[in-house]
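Listed below are the residues making up each chain.
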Amino acid sequence: MELKQENMVKLPVFLCNFVNVASVIENAISLQNRLEAIAKNENANLRPIVLFQAQGGANEDAHTFEKLKNKLVNIGIEKEQIAIKTAKINELDKIDLLDKDCKIRYIITINALKEGWDCPYAYILASIANKNSTADVEQLIGRVLRQPNARKYTNQELNVSYVLTCSNDFERTAKSVIAGLNGAGFSKDDYRQKDFRELEEMAEKPQELKDILEYAKNENDSDEDKNSEFLSADVNAQNIAKNIELGNKTNDILKNAKTQANEYDKEVEKTSSNLDYFGDLKVKASKIKFEVEKIPQFVKLLSSGSILFEELNSKVLEKEDLEKDFKLADKDIQINFDLAEGSIFEVYLSEEDNLPKYKKVTQMQREYFKQYLKTANDETRIRQSINLIFDKLRKDNSLNENDLKNYIERIVNNLSDERKAKLLDEIDAYTIKIKNKIKELKSEHREKVFYDLLNKGNIKIENTFSFEPIIQASKLSSLRDKSLYEEEIDNLNSLENRLLTEIVSLDNIKWWHRNKDMKPGFCINAFINHYPDFIICTENKNIIMLEVKGDDRTNDDSKTKLKLGSKWADKAGDKYFYFMVFENSKIEGSLLIDEFIDTIKEL
């Protein structure tokens, strides 16, 4: 967010997927021309550049890339506007891409990050990989992120990065974009996506059969033919000229990008101002009273090839960083569907916490399903059920679509005949059950990956978290002494009130803070984001994370948090402690109230 506010990066990244390589080429060239025209109208000193990302392979020689270059020339691009930059071929040598007289607008590359060239004018990353392969754009994302001249342009289209692909596995391509953003120190919140395939396929049905045949032919391509679709792409130069002539009003990419950029800027502004995390409720503000050093959090080490700025060698760990290799193919399908019986449900996202909820549908909706069920045979009902569940779950970018579809099919095929007969009219209740199962499996996967990477040294701990100078909440109180802020959030239950009263009475306590259970509060960031209830500092500058639990919470969730908190304290160093406290009952490793008070007296 800070780099965006300082106009150092072009965000969000706008990911567009098309039906074939020809569409990628046509849209990349049209987009470059339009962006350059927009820049010229704004008197902006920049020349937008397209990075055509070819696929590497055994035949990575000058002849292959000359063919790629000639393909662009034959479309109508001047040869002087095209350069090749790979590990073996460097036509950018001694060329200053920022020179106003430089003609380069198109660069053919594979993954030239390791060669250390800089290209702040790069706006468009166009993957020309064959459709049956995943567009691995992760390592090149950093090349289109830098904002030219470190300024915000009046036209939002110039403040956005563009990634164009034609992948059949769009979700995996999206994950590659997210991984690239993570590697550059950003997150999944910094990209937007739009799949243009359906529009193109509807408008050009004859091409669909051609694409299917071409796809089947290319499935057996050797490494030497990985760029065959680009070389054989039927690019219509007249379409490109027509699109350029029509102007920006007809360009769906630019219209979508402009909308997304405006929405993204609003999010950045909201985050930077730290205002009103409580919707329309009236909030109060409270200033910090003590100077506090940064608190340790887990960080993921970055490889040198994925770094956008040289001084960046790690990033604060996010849960999504641990989902990269998650697959459902080898996961169990044991789900208790008992709750799903007997009613039709509607699944929706709660406005309060953005989590899936479900409720019974209306009488009218039930009648619609009953009428449908009368007309569908068993095979059709099962196929329709699988498709409906898939459509509701496919938006999860951490899941491969084929992997997800196969998992759903396994679950449905394993159902009893009786359940299959009732499946369609209870589809949304089944969907929420499957969604929760996948969520559980992902959580288990993240936890395993986290501890594996931690043990291998790929995840470390660094002082990254700073308290906000001002906190805001709808309810603040200054009734207790020694608070970190002039007023603290007043939402304590009876057990927390009793415990805090005893903590404040201790002579060795310097300050205490009621931690928010969401950003910008502190979290122990790992496979889950664990927000301790209180943060306490002693006169000896010991920092204590305190989680308070009722006696009904002696469950697996508490055990998981206690293990994570203890691991955090162990890695953070001798001055950092984590305690989980219960009133009467406890789990192994936790403390009762009196035990906790006796312990922190000595810190």
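The shown structure was predicted, so the numbers you read here are calculated from the model rather than taken from an experiment.

(A) Inspection of empty space enclosed by the protein at higher detail. Scanning all chains against the criterion turns up three cavities of 30 Å³ or more. The space that makes up the largest cavity amounts to roughly 90 Å³. Together, Phe465, Phe467, Glu468, Ile471, Tyr485, Ile489, His513, Lys516, Pro520 and Gly521 line the largest cavity. When grouped by side-chain class, the residues that make up the lining of the largest cavity number six nonpolar, two polar and two charged.

(B) Main features of the pairing of strand β9 (residues 295-301). Buried residues dominate β9, accounting for five of its seven residues. Bridge count between β9 and strand β13 (residues 459-465): six bridges; the pairing is antiparallel. Bridge assignment links Ile295 to a residue of β13, and that residue is Phe465. Of the pairings in the sheet, the one linking β9 to strand β10 (residues 314-316) comprises three bridges and is antiparallel in character. Its bridge partner lying in β10, Leu301 is registered against Ser314.

(C) Highlighting the packing of aromatic side chains. According to the stated counting rule, one finds 13 aromatic pairs in the structure shown. With a centroid separation of 5.3 Å and 75° between ring planes, the pair formed by Phe465 and Phe522 is classed as edge-to-face. On the criterion of sequence distance, the pair formed by Phe465 in strand β13 and Phe522 in the loop between β17 (509-514) and β18 (524-525) is long-range, its members being 57 residues apart. We classify Phe465 as buried; its relative accessible area is 9%. Classification of Phe522 by relative accessible area gives buried; the value is 0%. Both rings, one in Phe467 and one in Trp511, keep their centres 5.9 Å apart while their planes meet at 90°; by these two values the pair is edge-to-face. Taken together, the residues span a long stretch of sequence, with Phe467 in the loop between β13 and β14 (470-473) and Trp511 in strand β17 at a distance of 44 residues. Of the two residues, Phe467 and Trp511, neither departs from the other in class, the shared state being buried. Aromatic rings pair up to connect Phe465, Phe467, Trp511, Phe522, Trp568 and Tyr576 into one cluster.

(D) Summary view of the side chain of Glu323. Examined against the element boundaries, Glu323 turns out to sit in the loop between β10 and β11 (345-349). A polar side-chain atom of Glu323 sits 2.8 Å from a polar atom in the side chain of Arg446.

(E) Molecular detail of the environment of Asp574. By secondary structure assignment, the location of Asp574 is in the loop between α16 (556-572) and β22 (576-582). Under the relative-accessibility criterion, Asp574 is labelled exposed at 74%.

Parameters at a glance
- Residues numbered from 1 in each chain as written.
- Predicted model: local features only at pLDDT ≥ 70, side-chain atom pairs only at ≥ 80, totals over all residues.
- Heavy atoms only, no water.
- 1 Å grid on protein atoms, 1.4 Å probe; cavity = no way out; pocket = protein on both sides within 12 Å on 5 of 7 lines; lining within 4 Å.
- Points joined across faces, edges and corners; volume = space filled by probe spheres on them.
- Nonpolar A, V, L, I, M, F, W, Y, C, P; charged D, E, K, R; others polar.
- Buried < 20%, exposed > 50% of the residue type's maximum accessible area, 1.4 Å probe, protein only.
- Helix = DSSP H or I, 4+ residues; strand = E, 2+ residues; numbered from the N terminus.
- Pairing = 2+ DSSP bridges.
- Phe/Tyr/Trp six-rings, centres within 6.5 Å; stacked < 30°, edge-to-face > 60°.
- Polar contact = N/O pair within 3.5 Å; in protein donor to acceptor, adjacent residues only side chain to side chain.

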